[in-house]
Amino acid sequence: MRTKNLSTLLCVVISVGLFGCSSESSGPSEIAFPQPRFPNYVKSPETIEEVMPFARAAVRQTGGRTPLGLIKPGQRVALFAGSQALLHPNPLVLEALVKALQERNVKPRIILPQPEGTQIRVGNPYTSEKGYMESAGWVGRNWPDPEEPKAWLREKNPEIYNALFPEVPPSPRYETLDEDQLEKLDKNPNFEFWSGTPAQYVAEHADEVDVVFFGYGGRTNSRLRLGEHGDKFLGNFIFDTWNEVMTDVNTFPGDLWRLAEERLIEPLGWVDYLHVTDPEGTDFTVSLTEETAKMWSEGVYQQGHLYMYPLQATGRNPYSIKEYPRQREDMWLAPKVPDANGVIASTRNHTGYFPRIELTLEHGKVTEARGGGWYGDILRTFLDYPKLSEVQYPYHEEKGYWFLYEAGTGTNPKFYLRPDGLRSGRNTSERNVAGVIHWALGVDVFHDKPGMEGTWKKFTQEQNVPPQHGFHFHNNLVTYKYRIRGTEQMRPLIEKGRVSVLDNPEVRALASRYGDPDLIMRQEWAPDTPGITSPGSYEEFSQNPWAHMSKMLQEIEDGTYAYFGGRD
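Reference entry: report on the structure contained in this document. Note that this is a predicted model, so its numbers are computed, not measured. (Residues numbered from 1 in each chain as written. Predicted model: local features only at pLDDT ≥ 70, side-chain atom pairs only at ≥ 80, totals over all residues. Heavy atoms only, no water.)

## Some points on the overall build of the protein
Quick reminder of the rule: In DSSP terms, a helix is any run of H or I states spanning at least four residues, a strand is any run of E spanning at least two, and both are numbered starting from the N terminus. The buried label goes to any residue with under 20% of its type's maximum accessible area, the exposed label to any with over 50%, and the partly exposed label to all in between, with areas taken from a 1.4 Å probe on protein chains only. Every accessible area reported is derived by Shrake-Rupley at a probe size of 1.4 Å, with residue values counting cover from the shown protein chains alone.
The number of helices and strands found in the protein is 21 helices and 21 strands. Projected onto its principal axes, the C-alpha coordinates of the protein cover approximately 75 × 60 × 55 Å. Counting all 568 residues of the protein, 59% fall into the buried class. Accessible surface for the protein amounts to roughly 23,100 Å². Of this, 48% is attributable to carbon and sulfur atoms.

So this is what it looks like as structure tokens:
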């Protein structure tokens, strides 16, 4: 009886105000999948005056990957635009950001990739049609000595090996810059060209830079790359192009964003069971011990990218929620693999699209992959790699590499799928959308256990095994339910792609201080998936997703897309 009363109390404390405490049937929700939507108001600007309202909002934004609002007046900031040299930074947008930062009495310095003559690299030599190319990075850059896995792949599947690593690599895509524009940037004291890495720049200019933003993802790794200057790193720099700045992402209030994230993660320390589904076929459950749930709740937080799976939230010093982006050196969380069983199904990853794949999960590990075209073939090739089945990584209780590792979850409803990214073989923009989850496989330990510094790096180098995760799979219409320990009710954290707390009365009350909460909390983008959110056959779509996506991109670019949505 005491256990039942405690469970009821926990349900009241945690769930009331979030979702209520009435019982929920086990049947499907009545909420329909959202109709596709694409923001028709995101346009390339022609004058700096058009950009300034958005730039002023951007430099005051304290949430997400690029919290420029955390820069203090008087600080000197280095912003690395296009630092991965995969998307072309927009000079007009950057000039507006400089002006907006100066209005805040911040001293900005924009660091641009060194052009080759008058050319700058603007993308991969392929589009997102080749989603399987994501695996080239895992094979070629995620092993201390990549020649060993390359040899294995070449022996097992020479056709795919030659596609990933051709004898004559295709030339990167370049864009020719206007010489007058180059000269203008070169003479601007707030701009600087740099051919090295951000870490090299910060090391050489340590006395001239107080804070730094760079990259489009991987914030914990980016911080670590700066070494002794890691505390200067405040976030990625995704606001280097109009596709990000000329949106409502920056006008989404930072305190509202933070409140929504805090309410989303609030129950996790008391969770003992999860059930995750998606209309593409994902359907798996996760059982958690009390210890795992507690550690998960300690490590789940990273602005704009919550770690909604325990293994990803552990193996690290967690971020401080109160003093973000400080990481808590007083706390180290050992890797925890929960008991996950079922199926993950997907047609997209960080690079692009591939035929539908199904992954079988057994006790937290992937044991089988079905379908997926070449992406699936590559994964199957390495699921059979003996070393990755037998390796005993430091700090892990279980042997092997092929764990379900990541459930990175977006939290801002104003992000959208960027067409220019798909034209450049990058599908990372949709992972920022509230409710989108990108799963990934493998292991990752960002910080060693205190007193064992250097253990992770030494082990992975000596054994020549991947030190980080890889193989991403996106689900855009997830239903993610949890159960509080000792209760029977299942509650949705995400339902059919919608983060539930965005409709929470407390969150909406705060939103109402800024305007119409319906508009402020509205999702600006929803996926166009035939047979699920739009007319057509999902079976046909799943066999060749790019055929539909490329048609959709063309309609968006032509202005003929049927699912455009405006600001009002």
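There's more to say after this.
## Examining helix H2 (residues 48-58)
The line we're drawing: By definition in these notes, contact holds between two residues if any of their heavy atoms fall within 4.5 Å.
Within H2 the residues assigned to the buried category are Val51, Met52, Phe54, Ala55, Ala57 and Ala58. Where H2 is buried, its residues meet helix H3 (91-103) and helix H10 (242-245).

## What about the pattern of salt bridges?
Heads up, the condition is: One speaks of a salt bridge when a side-chain nitrogen belonging to Lys or Arg is within 4 Å of a carboxyl oxygen belonging to Asp or Glu.
Scanning all chains against the criterion turns up 33 salt bridges. The partner of Glu323 in a salt bridge is Arg326, with the nearest N and O atoms 3.1 Å apart. Relative accessible area serves as the criterion here: at 47%, Glu323 is assigned to the partly exposed category. The partly exposed category is assigned to Arg326, whose relative accessible area is 34%. Shared partners join several salt bridges into a network, and the residues in it are Arg37, Lys414, Arg522 and Glu524.

## Brief notes about the sheet that holds strand S14 (residues 365-371)
Pairing between the strands of a sheet comes from backbone hydrogen bonds, and it takes one of two forms, parallel or antiparallel. Applied cut-off: Following DSSP output, two strands are said to pair if at least two bridges run between them. Axis lines are fitted through C-alpha atoms, for helices just across the contact stretch, and the angle between N-to-C directions can take any value from 0 to 180 degrees.
Spatially, S14-S13-S12-S10-S9-S18-S19-S20 is the arrangement adopted by the eight strands of the open sheet, whose pairing is antiparallel. At either margin of the open sheet sits one strand with a lone partner, and together these are S14 and strand S20 (498-499). Judged from the five bridges that link them, strand S10 (residues 283-287) and strand S12 (residues 339-348) form a sheet pairing that is antiparallel. Paired with Thr285 across the two strands is Asn341, which belongs to S12. Sheet contacts for helix H14 (residues 373-383): strand S13 (353-362) and S14; angle to S14, the most-contacted strand, approximately 145°.

## Section: the side chain of Glu430
We count it as follows: Polar contacts, as counted here, are pairs of nitrogen or oxygen atoms within 3.5 Å of one another; within protein the pair requires one atom able to donate a hydrogen and one able to accept it, and residues that are adjacent in sequence qualify only if both atoms are side-chain atoms.
With respect to the helices and strands, Glu430 occurs in the loop between helix H16 (419-423) and strand S16 (437-441). Of the polar contacts made by the side chain of Glu430, one reaches the side chain of Asn427; its length is 3.2 Å. What Glu430 contacts, discounting residues up to four positions off in sequence, is Arg348, Tyr416, Leu417, Val436, His474, Asn476 and Trp525.

## Brief notes about the environment of Thr351
Within the secondary structure, Thr351 sits in the loop between S12 and S13. Sequence separation between Thr351 and Met133 is 218 residues, and the spatial gap between their C-alpha atoms is 6.8 Å. Setting aside its immediate chain neighbours within four residues, Thr351 contacts Tyr126, Ser128, Lys130, Gly131, Met133, Glu134, Gly425, Arg426 and Asn427.

## Digging into the pairing of strand S9 (residues 271-277)
For S9 and strand S18 (residues 479-484), the ladder comprises six bridges, and the chain directions are antiparallel. Bridged to His275 within S18 is Lys481. Here five bridges tie S9 to S10, and the two strands are oriented antiparallel to one another. In the strand pairing of S10, Leu274 is matched with Val286. Hairpin connection, S9 to S10: the antiparallel pair is bridged by five residues, and Gly281 has positive phi, about 125°.

## Notes on the nonpolar core
Put simply, the test is: Take the buried Ala, Val, Leu, Ile, Met, Phe, Trp, Tyr and Cys residues and link them wherever side-chain atoms come within 4.5 Å; each set so joined is a nonpolar core.
If you look at the biggest cluster of nonpolar residues, it comprises 150 residues, and the most contacted ones within it are Trp296, Leu379, Phe382, Trp402 and Tyr480. A per-element tally of this core places H3 first, with seven residues. Other than its neighbours up to four places away in sequence, Trp402 contacts Trp138, Gly364, Lys365, Val366, Leu379, Phe382, Leu383, Leu388, Leu441 and Phe471. Within the second largest apolar cluster, 11 residues are counted, among which are Trp194, Tyr201, Val209 and Val212.

## Structural notes on the packing of aromatic side chains
Here is the rule: Aromatic rings from Phe, Tyr and Trp, taking only the six-membered ring of Trp, are treated as a pair when their centres fall within 6.5 Å; an angle between ring planes under 30 degrees marks them as stacked, one over 60 as edge-to-face, and anything in between as tilted. In our convention, an over-ring charge means Lys NZ or Arg CZ found within 6 Å of a ring centre and within 35 degrees of that ring's normal.
What the rule picks out here adds up to 36 aromatic pairs. Ring geometry for Trp138 and Tyr401: centres 6.0 Å apart, planes at 45°, overall tilted. Taken as a pair, Trp138 in helix H4 (residues 134-141) and Tyr401 in the loop between helix H15 (386-390) and strand S15 (404-409) lie far apart in primary sequence, 263 residues in all. Tyr401 shares its class with Trp138; the two are buried. Note on Tyr375 and Phe471: the rings are 5.4 Å apart at their centroids and 35° apart in plane angle, and the pair reads as tilted. Here the residue Tyr375 occupies a position in helix H14, and Phe471 occupies one in strand S17 (residues 470-475), the gap between them amounting to 96 residues. In terms of burial, Tyr375 and Phe471 fall into one category: buried. Above the face of the Phe165 ring, Lys150 is positioned so that its terminal group lies 4.5 Å from the ring centre. Between the NZ or CZ atom of Lys156 and the centre of the ring of Trp152, over which it lies, the distance is 4.7 Å.

Everything listed here is a matter of geometry and, on its own, says nothing about what the molecule does.
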